[in-house]
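# Architecture at a glance
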Amino acid sequence: MRAATRTAMSGGAARPARLAAWWLAIRPRTLTVSLVPVLVGSALAWARQATLDWPSALVALFAALLIQIGTNLHNDVADFERGADTPERLGPPRVTAMGWLPAGAVRRGAWVAFALAFNFGIYLADRGGWPIIAIGLASLWAGWGYTGGARPIAYTPLGELFVVIFFGLLAVGGSYYLQTRSIDAPALLAGAMVGLFAAAVITVNNLRDIDTDARAGRRTLAVLLGRRAASWLYGVETLLPFALLFWLAWLTGRGVWLAWPLLVLPLVVGQIRRLRRAVAGPVFNDLLAGTARLQFLFAVLLMLGLLA
């Protein structure tokens, strides 16, 4: 049965080289989602105290990247084993479902990434104490639990909330705390802004897979809300950070410098229109990668405003 599924899913796609298959498995086009919170949290810390612990910032970047790589690899094999990756799936090829890499190898790759992240976390825990330990362990659990366990988070309506918390509030807040040994309203606000963009990536993913998810019994927020309401949710997730920008400028005293991210607003509006016109099909893959790029561009301009 699984061999037949792999054949149907391949659709004549050429088998990549082994190294290329691993590159596809880690989903490089969305890895910036894990890097952005660390960059923003560190930039905000520098803006508040005019100094930065560079080794801790770099180690935090590597740890965040490894957690997402582990999550993506675990998702690849877990969805295949649960039967969620079917021939009707519209997303990019998944290496386990396509038979390009053995399930056992992909699973081991995920655990290697998590183990390396844990080792980096030991250094960060020594620098930041128990709050960093708590955030690190929670992030490792979340990376596994997103598609693992008896009730994976990705199969429930909580996916977007999960991302706002772990790829926004905790990631930005933790990076900020690592540098300042404190947490404050600007850090949480910046975390919410970054997390909302990350949640928008999940919303696009779930809109693309809404039909196959419904048939597979996945109760994502898009499945529960329907296409129209989920597209409105995407608009809220990508526009609300711009409204919060004015609050952050007031709290940090950065004033007009934090107007830089507004340059991304026309691109976001165009992306929202594209998504609302899209009915189904692979166009959602471009929208997903485009949303990750918009988050990265927003974050870079936000950093420039904080560091100016």
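Structure's up top.
In this report, the structure presented in the accompanying data block is examined.

Cut-off values and rules
- Residues numbered from 1 in each chain as written.
- Predicted model: local features only at pLDDT ≥ 70, side-chain atom pairs only at ≥ 80, totals over all residues.
- Heavy atoms only, no water.
- Helix = DSSP H or I, 4+ residues; strand = E, 2+ residues; numbered from the N terminus.
- Rg over C-alpha atoms; globule rule 2.2 N^0.38 Å.
- Buried < 20%, exposed > 50% of the residue type's maximum accessible area, 1.4 Å probe, protein only.
- Contact = heavy atoms within 4.5 Å.
- 1 Å grid on protein atoms, 1.4 Å probe; cavity = no way out; pocket = protein on both sides within 12 Å on 5 of 7 lines; lining within 4 Å.
- Points joined across faces, edges and corners; volume = space filled by probe spheres on them.
- Nonpolar A, V, L, I, M, F, W, Y, C, P; charged D, E, K, R; others polar.
- Axes fitted to C-alpha atoms, helices over the stretch in contact; angles between N-to-C directions.
- Parallel < 35°, antiparallel > 145°, perpendicular 65-115°, else oblique.
- Left-handed = near helix turned anticlockwise from the far one by under 90°.

Of the regular secondary structure elements, the chain holds 14 helices and zero strands. Start at the N end of the chain and walk to the C end: the helices and strands fall as α-α-α-α-α-α-α-α-α-α-α-α-α-α. Radius of gyration (C-alpha) of the chain: 19 Å, near the 19 Å computed for a compact globule of 308 residues. Summarising its shape, the C-alpha atoms of the chain cover approximately 60 × 45 × 35 Å along the three principal directions. Taking all 308 residues of the chain together, the buried fraction comes to 55%. If you take every contact in the chain between residues at least 6 apart in sequence, the share linking residues at least 24 apart comes to 78%.

In this fold, Tyr234 is placed in helix α12 (residues 227-252). The buried category is assigned to Tyr234, whose relative accessible area is 1%. For the pair formed by Tyr234 and Leu275, sequence separation is 41 residues and the distance between their alpha carbons is 8.7 Å. Once residues within four sequence positions are removed from consideration, Tyr234 is found in contact with Ala200, Thr203, Val204, Gln271, Ile272, Leu275 and Thr291.

What follows is about the layout of surface pockets. There is about 190 Å³ of room inside the second largest pocket. Around the second largest pocket, the lining residues are Val38, Leu39, Ser42, Ala43, Trp46, Leu52, Trp54, Ala57, Leu58, Leu61, Met303 and Leu307. When residues of the lining of the second largest pocket are traced back to their parent elements, those giving at least two are α3 (32-49), α4 (54-82) and α14 (283-307). Ranked by residues supplied to the lining of the second largest pocket, first place goes to α3 with five residues. Here the lining of the second largest pocket is built from residues that sort into 11 nonpolar, one polar and no charged.

Residue position: Asn72 is located in helix α4. Using a relative accessible area of 8% as the deciding quantity, one classes Asn72 as buried. Residues contacting Asn72, with those up to four places away along its chain left out, are Ala25, Ile26, Arg27, Thr30 and Leu31.

Our next topic: the packing of helix α6 (residues 103-128) against helix α7 (residues 130-145). Relative placement of two packed helices is described by the angle separating their axes and the distance separating the axes. Where α6 contacts α7, the two axes come as close as 8 Å, and the packing angle between them is 165°. For the element pair α6 / α7, the angle class is roughly antiparallel. Between α6 and α7 the crossing geometry is right-handed. Across the interface between the two elements, Trp111, Phe114, Ala117, Phe118, Leu124, Ala125 and Gly128 of α6 pack against Trp130, Pro131, Ile132, Ile133, Leu137, Leu140, Gly143 and Trp144 of α7. When the residues that make up the contact of α6 with α7 are grouped by side-chain class, the tally is 13 nonpolar, two polar and no charged.

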